[in-house]
Amino acid sequence: MCGIVGYTGINQALPILMDGLEKLEYRGYDSAGVYMNDGVEEDLVREVGRVKDLEAVVDKMEIKGTAGIAHTRWATHGKPTVNNAHPHKSNDGRYYLVHNGVIENFKELREEYLSDIEMHSDTDTEVAVQLIGKFAQEGFSTFDALRLMLSKLDENSAYGFLLVDSKEPDMMYVAKSKSPLLIGLSEDGNVVASDATAVLNVTNTFLELHDGDIAVVEKDKVTLFDKDGKQFEREPFILDIDPSQAEKGTYPFYMLKEIDEQAIVTRNLIEHYFIDGMPQIDQPIVDAIKYADRLYIVAAGTSYHAGLQGRRMFEELVGIPTEVHISSEFAYDMPLLSKKPFFIFLSQSGETADSREVLERVNKLGYKSLTIANVMNSTLTREATFSLPLLAGPEVSVASTKAFTSQIVVEMILASAIAGGQTELQDQLSKLAVDMQVVIDAKDKLKEIADKYLLNAKNAFYIGRGADADLTVEAALKLKEISYVQAEGFAAGELKHGTISLIEDGTPVFAIITNKSTAGLTRSNLMETEARGAKAFTIVTSDLAKSGDDIVIPAVENPLLSPLLAVIPTQLLAYYTSLGKGFDVDHPRNLAKSVTVQ
Ligand code: M6R
C-alpha cells in the first residue's frame, strides 16, 4: 500500500504531485507529505490525515519548484503521526525518501549500522534513508549508497523507493522490488508513480520497472540499471486509458459510480471476448487448463469470493475439480497438490502481496498459472504464465464492486471457452447487462431499507444456499468494510447449528434466493430467524418471488450467472448504510485499496 508520486521537469511540480496524491489516496490515507526543492529553498511538509489536510497546509505556503516527491501513507510501522509520515530525511538533511512496502529486517539494520544515529520515527523507511546518508558520508556516491542500502535488505522485504539528493534536486533515484512503481515519460518532464492512473494527466507513456530494477530519473532522461548496477534499456508502453475514466464526475462517491458501471463493463467484456457469438480465449491457455487434473483458484477478499463462484463454473462446464483458496493461507499452508495442478489468480489490482507470495512459490515449483486482473502490467499479470484482463476500468473505491462482477463474467467466459464454447452465453450475458441496469435503477428501495433498518443495526446477517451462500460472504464483507456493521454471511441451513443465538429483536437478516431447488428451505431458515425477532428481508429472483418479497430481481436463465445480479442490491445496501452514517464511503477506516503487504 502507500502511494508514491514524483516529478522532475519544466512545469511546476506541486500541482502534479497533489493531483497524483489525490488519485493515490485509495492506497492509504492516514497521513501524507511532500518534499520540494527549487535549488535555492527546500520545503518538507507532512500532515496527519487525508491529502486534503496536507493540501490545506501547502496552499498557505509559497512552494515553488519543478521537482519534488510526495507520499500518502497506510501505516505499517508506527502510528499515523507527523513524524512517521513520509518523506523521511537523513540526519544530515541531504536525502529525502518515500517508500511503499516493508523492510522486514529494519530492526536488525538499525542495531547493526545506526546505533549512534538519532531516529525520529518508528518507521522502517527511516532506517533506509539513514543508511543511505551514512554510506554517503563514508564516501559512496548517491547511486552506490542506494545500492549498498538495497543490498542490506533481506529477501522478504518489499519496496518501491523514491529518493532525492538535495544536492541534485532535479534528479530522482528509484528502486523497486515486490511493490508497484513505474516511470511516466513526457516531453515536459518525467514522473514516477505507484499507479499509472495517478499521473495520466501528465502522460500515458510508461516504463515498467521489474523487481530489482533501479532507475535514475532526470527531466529529460531516464537511465535504467539492473540489480548488479548494469545499465540496460527497456521499451516504454502506452497505456490506453481515458483519464476521465478515473474521475468521479458528478457522483458523490466512486463506489456508486462503479456500481453503476457494472452493466457497461459486462458489455465491454462481451465485445472483447466474443467473436461471432463464441467466447475466445487464447489456445495455449485453454490447452494448459485442459491438461490440468485440478484447478486451484487463489485470491484475497472480494476476489476470493469471485473465485468461490468460479469453482462451480469450472466444475460444471469443464469437469475439472476446482479448489478455491485464500492466498494468505495458501502460501504457508499449502494442501497436497494434485499431479497436474493449474493455478488461477484473481485480483483487481494485480499487486496483492498475499497472492504474489503464492505465485512466487508456484513459479518456483514450475507450475503454470493464469492471472485474471483488472490492472494489466501489474506484478501478478507479469509473473504468471498467462494473463487475462477484466476491463473494468479504474476501480478507485476501496470496496470492490465492478471488479467482482467482471471477475465472474471472465471466469464464465473462460470456463465456457474451455468447454468448447456455449453458443447461448453471449445472449445470456447481453440480457444480463440489461437486467443489471434494472437492478441498479431500483436503488431507492435499497436506500430506504438501509436508512430504516441498517443505520442503527449492531449486526446483520446474509443467508443463502449453494451459490447464494457463497455470495452471502461477499455481501457481508461489503457491509462490514464500509459501514462498520458487524455482518456475517452464512449457509442458511447452518445458522441453526449455533449462530442463530445471535439473532435479537430487530436484527436484520437478508436471504438471497436465486435457486429453485433450495428456495423453500432458505425461506424456512429465514422464518426461523424471524420467529426469534429478526427483521427478515428477501432478495429473490422474479421466477421464485412471492407476494411480500422485498427485493425482486430479474430471473436469470443460467443459474451460474445469478450472482451477477443478486450481488448488486447487497452492494447498494452497503453503500447507503455507509452514506447514511456519514462515512467517507470510498475510504473506510484502516483499509487501503491495494494490499501490498503480507
Ligand atoms: O486487488 P485484489 O483483488 O487482489 O484485492 C483483494 C482484496 O484486498 C480486496 O478484494 C478487498 O477485500 C476489498 N476491500 C473488498 O472490497
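Residues numbered from 1 in each chain as written. Predicted model: local features only at pLDDT ≥ 70, side-chain atom pairs only at ≥ 80, totals over all residues. Heavy atoms only, no water.

A. Molecular detail of the site of the ligand. Contacts to the ligand come from 14 residues, most closely from Ser303, Ser347, Ser349, Thr352 and Glu481. In this structure, glutamine 348 approaches the ligand through a main-chain N or O atom, which is 2.7 Å from an oxygen atom. Within the backbone of serine 400, one N or O atom sits 2.8 Å away from an oxygen atom of the ligand. When the ligand is considered free in solution it has 410 Å² of accessible area, and contact with the protein chains removes 91% of it. Those elements that provide at least two residues to the shell around the ligand are helix H9 (301-318) and helix H16 (467-483). For the shell around the ligand, the element with the highest residue contribution is H9, accounting for three residues. Taken together, the residues of the shell around the ligand sort by class into four nonpolar, eight polar and two charged. (Near = heavy atom within 4 Å. Polar contact = N/O pair within 3.5 Å; in protein donor to acceptor, adjacent residues only side chain to side chain. Areas by Shrake-Rupley, 256 points an atom, 1.4 Å probe, with all protein chains shown as cover. Helix = DSSP H or I, 4+ residues; strand = E, 2+ residues; numbered from the N terminus. Nonpolar A, V, L, I, M, F, W, Y, C, P; charged D, E, K, R; others polar.)

B. Representation of the side chain of serine 483 in the model. Take serine 483: it is sitting in helix H16. Residue class for serine 483 comes out buried when judged on its relative accessible area of 0%. (Buried < 20%, exposed > 50% of the residue type's maximum accessible area, 1.4 Å probe, protein only.)

C. Highlighting helix H18 (residues 562-580). In this model, H18 (19 residues) spans 28 Å end to end at C-alpha, consistent with the 27 Å of a helix rising 1.5 Å per residue. Judged by how many residues are buried, H18 sits mostly within the fold: 17 of 19 residues are covered. Glycine 582 sits one or two residues past H18 and shows a positive phi near 80 degrees. (Expected span 1.5 Å × (residues − 1).)

D. Representation of the domain arrangement of the protein chain in the model. Domain assignment breaks the protein chain into domain 1 (2-244), domain 2 (251-439) and domain 3 (442-586). Put simply, the middle of domain 1 and the middle of domain 2, counted by C-alpha atoms, are 33 Å apart. Between domain 1 and domain 2, the contact holds 13 residues from the first and 10 residues from the second. The largest contributions to the domain 1 side of the interface with domain 2 come from Tyr26, Lys178 and Glu208, which together make up 42% of the buried area. Viewed at the interface, domain 2 and domain 1 are joined by one salt bridge. A salt bridge links arginine 382 to glutamate 208; the nearest nitrogen and oxygen atoms lie 4.0 Å apart. Considered class by class, the residues forming the side of domain 1 that touches domain 2 number six nonpolar, three polar and four charged. (Domains from an automatic or database assignment. Contact = heavy atoms within 4.5 Å. Buried area = accessible area lost by both parts, 1.4 Å probe. Salt bridge = Lys/Arg side-chain N within 4 Å of Asp/Glu carboxyl O.)

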